[in-house]
Amino acid sequence: MRKKKPLPLLENIEITAVAAEGKALARVDERVVFVPYVVPGDVVDLQVTRKKNSYMEATAVRFHKRSDLRAEPFCPHFGVCGGCKWQCLKYEEQLRAKQQQVQDALQRIGKVELPEISPILGSRKTREYRNKLEFGFSNRRWLTVEEVKADKQFDVRDALGFHITGAFDKILDIDECHLMDDVQNRIRNDIRQYALEHALSFYDLRLNQGLLRSLMVRNSNTGELMLLVQFRIETPEEREQAMGLMQHLADTFPEITSLLYVDNHKCNDTFGDQEVIVYKGTEYIYEEMDASDGSLPLSGGDGGGLLRFKVGPKSFYQTNTEQAYELYRVAREFAQLTGNELVYDLYTGTGTIANFVARQARQVIGIEYVPEAIEDARVNSDLNGITNTLFYAGDMKDILTQDFIDRHGRPDVIITDPPRAGMHQDVVQTILHAAPRRIVYVSCNPATQARDLQLMDADYRVARVQPVDMFPHTQHVENVVLLERRS
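This is a predicted model, so every value here is computed, not measured. (Residues numbered from 1 in each chain as written. Predicted model: local features only at pLDDT ≥ 70, side-chain atom pairs only at ≥ 80, totals over all residues. Heavy atoms only, no water.)

**Observations concerning the packing of aromatic side chains**
Using the following cut-off: For Phe, Tyr and Trp, where Trp contributes only its six-membered ring, two rings pair if their centres lie within 6.5 Å, and the inter-plane angle classes them as stacked under 30 degrees, edge-to-face over 60, or tilted in between. Numbered from the N terminus, helices here are DSSP runs of H or I no shorter than four residues, and strands are runs of E no shorter than two. With a 1.4 Å probe rolled over the protein chains alone, any residue whose accessible area is under 20% of its type maximum counts as buried; one over 50% counts as exposed, and the rest are partly exposed.
Following the criterion strictly, the structure yields 11 aromatic pairs and no others. When the ring of phenylalanine 135 is compared with that of phenylalanine 162, the centres are 4.9 Å apart and the planes differ by 25°; the resulting orientation is stacked. Taken together, the residues span a long stretch of sequence, with phenylalanine 135 in strand β7 (residues 132-138) and phenylalanine 162 in strand β8 (residues 159-164) at a distance of 27 residues. Each of the two residues, phenylalanine 135 as well as phenylalanine 162, counts as buried. Relative to phenylalanine 356, the ring of tyrosine 325 lies with its centre 6.1 Å away and its plane at 75°, an arrangement referred to as edge-to-face. With tyrosine 325 in helix α5 (residues 321-335) and phenylalanine 356 in helix α6 (residues 352-358), this pair connects stretches of sequence that are 31 residues apart. Look at tyrosine 325 and you get partly exposed, because its relative accessible area is 25%. Residue phenylalanine 356 is classed as buried on the basis of its relative accessible area, which comes to 1%. Ring-pair connections join several aromatic residues into one group, and the members of that group are Tyr325, Tyr328 and Phe356.

Here it is in structure tokens:
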């Protein structure tokens, strides 16, 4: 058997740019090298880990020079967790990179004529900005490099934290996370300690067995706190153990206003089709957002500007509450509503954008795939005295048809906020047939957004572009595009 050649060590290599997926890049002998956890201006030795014809992947093993653009990571798990890959890059440089990411996607993929892109709206909070975090349990804790090198045997490998990318059954034990306020650290660490002291079994993802599966923590700007624990309860003894943990949480954390659990026997942790049981408190919490803009007499409601959104365990709500307001404000500004327009809000979720713009429109019709989300959308309209919204549940390409438009009216404005995959081609074609004056396209993936813009370019021109940073220290960026009909 032929021995594989050892992968090379590249010495004194300068990192030159930010790349995709949170990595940076260098160029060596006309070949691109992708490297995590370095920044432009670093000079490093690189150990190649993968070699292809057109590119290589590598890790930095020695620093000769540290860039002025480098920031000191604040998280003890940085470099292993993988969730905040840009902590080592100064925030102003993160914003510059995200702005460039939007421009590159729209130009290279969309190939559309662009106006000047507005400066990205940065997040006021760069830590503790999330209102929701999810953690997993596993009996196969991810071992650190030091632990592997020590070649020790571990009697207990139980962990509670984040999944390791590329290792579905491994969990990195998280002691401290800075993405949400400290309550999630206190709750998570307390649960781990209780579980170990009381010999509760941690989930085995390979065998689909074990009592403790996952937990979700949600807080809100109204001061409410939700905790949902997922179990896999097989025996009366395990039920007693599960209820013992729930009572412990109720006694230890009185600030939890919504304490919930799920008994999930599936092979994955999704619980949209599972019964959520209230152990203590309510099944929901509330978020508030000021939706008034002061420029128009308000219609379709009681005239108040403050919106309250009911958020249940299955509800989608933007995880950065402050930046969600900025995102929705941009979408409403781009829509240029005068109070007379019929608006279609596609992929409406729980109706946050629909309700946010409703008081400046004649009517808003929201469409969403998830029936529970549509129920939340209707509740949120009722909660805020908004009377000019209609919501429909179903697959977008099946609901949004010419017949639907004939029955409800041709929209003056369409707002669309699809998932990362973008819009189905049938949906794009229906939008083009509907021919609204304006389309406001909100996207969490500028690449698929650019692809869809190209499909609409013959009929619509890009009039405005506004990136919004929802997730500091990650490579992700939201982008809002205003399309205006050419004729």
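**Some points on the packing of helix α10 (residues 425-434) against helix α11 (residues 446-456)**
For any two helices packed against each other, one specifies the inter-axial angle together with the distance between the axes. Going by this rule: As a rule, the C-alpha atoms of each element are fitted with a line to give its axis, helices using only the stretch in contact, and angles between N-to-C directions run from 0 to 180 degrees. When an angle is under 35 degrees it counts as roughly parallel; over 145 it counts as roughly antiparallel; between 65 and 115 it counts as roughly perpendicular; any other value is oblique. In a left-handed crossing the near helix is turned counterclockwise from the far helix by less than a right angle, and in a right-handed crossing that turn is clockwise. Every residue pair with non-hydrogen atoms within 4.5 Å of one another is taken to be in contact. For this scheme, ten residues count as nonpolar: Ala, Val, Leu, Ile, Met, Phe, Trp, Tyr, Cys and Pro. Four count as charged, namely Asp, Glu, Lys and Arg, and the remainder, Gly too, count as polar.
Axis separation between α10 and α11 bottoms out at 10 Å; the angle between their running directions is 40°. Viewed along their axes, α10 and α11 adopt a mutual orientation that is oblique. Here α10 and α11 pass one another in a crossing that is right-handed. Here α10 contributes Val428, Ile431 and Leu432 to the contact with α11, which in turn contributes Asp452, Leu455 and Met456. Class assignment for the residues of the contact of α10 with α11 results in five nonpolar, no polar and one charged.

**Description of the nonpolar core**
Cut-off, in case you're wondering: Residues belong to one nonpolar core when they are buried, are Ala, Val, Leu, Ile, Met, Phe, Trp, Tyr or Cys, and are joined through side-chain atoms within 4.5 Å.
By size, the foremost hydrophobic cluster in this structure holds 84 residues, and its most contacted members are Ile191, Leu212, Leu227, Phe231, Leu249 and Val440. Broken down by element, this core gets its largest block of residues, seven residues, from α5. Residues contacting leucine 227, with those up to four places away along its chain left out, are Ile187, Ile191, Leu215, Met216, Val217, Leu249, Ile256, Ser258, Leu259 and Leu260. Of all hydrophobic cores here, the second largest spans 35 residues; its members include Val102, Leu342, Ala434 and Leu483.

**Concerning the pattern of salt bridges**
Let me state the cut-off plainly: Think of a salt bridge as a Lys or Arg side-chain nitrogen and an Asp or Glu carboxyl oxygen that are within 4 Å of each other.
Applying the stated criterion to the full structure yields 28 salt bridges. A salt bridge links lysine 170 to aspartate 169; the shortest N-O distance between them is 3.5 Å. Judged by relative accessible area, which is 2%, aspartate 169 ranks as buried. Across the pair arginine 437 and aspartate 412 runs a salt bridge whose closest N-O atoms are separated by 3.2 Å. Within this pair, whereas arginine 437 is found in the loop between α10 and β20 (438-443), its partner aspartate 412 is found in the loop between α9 (402-408) and β19 (413-416), the two being separated by 25 residues in sequence. Residue arginine 437 is classed as partly exposed on the basis of its relative accessible area, which comes to 37%. In this structure aspartate 412 comes out as buried when scored by relative accessible area, which is 17%. One salt-bridge network, in which partners are shared between bridges, spans Arg140, Asp169, Lys170, Asp204 and Arg206.

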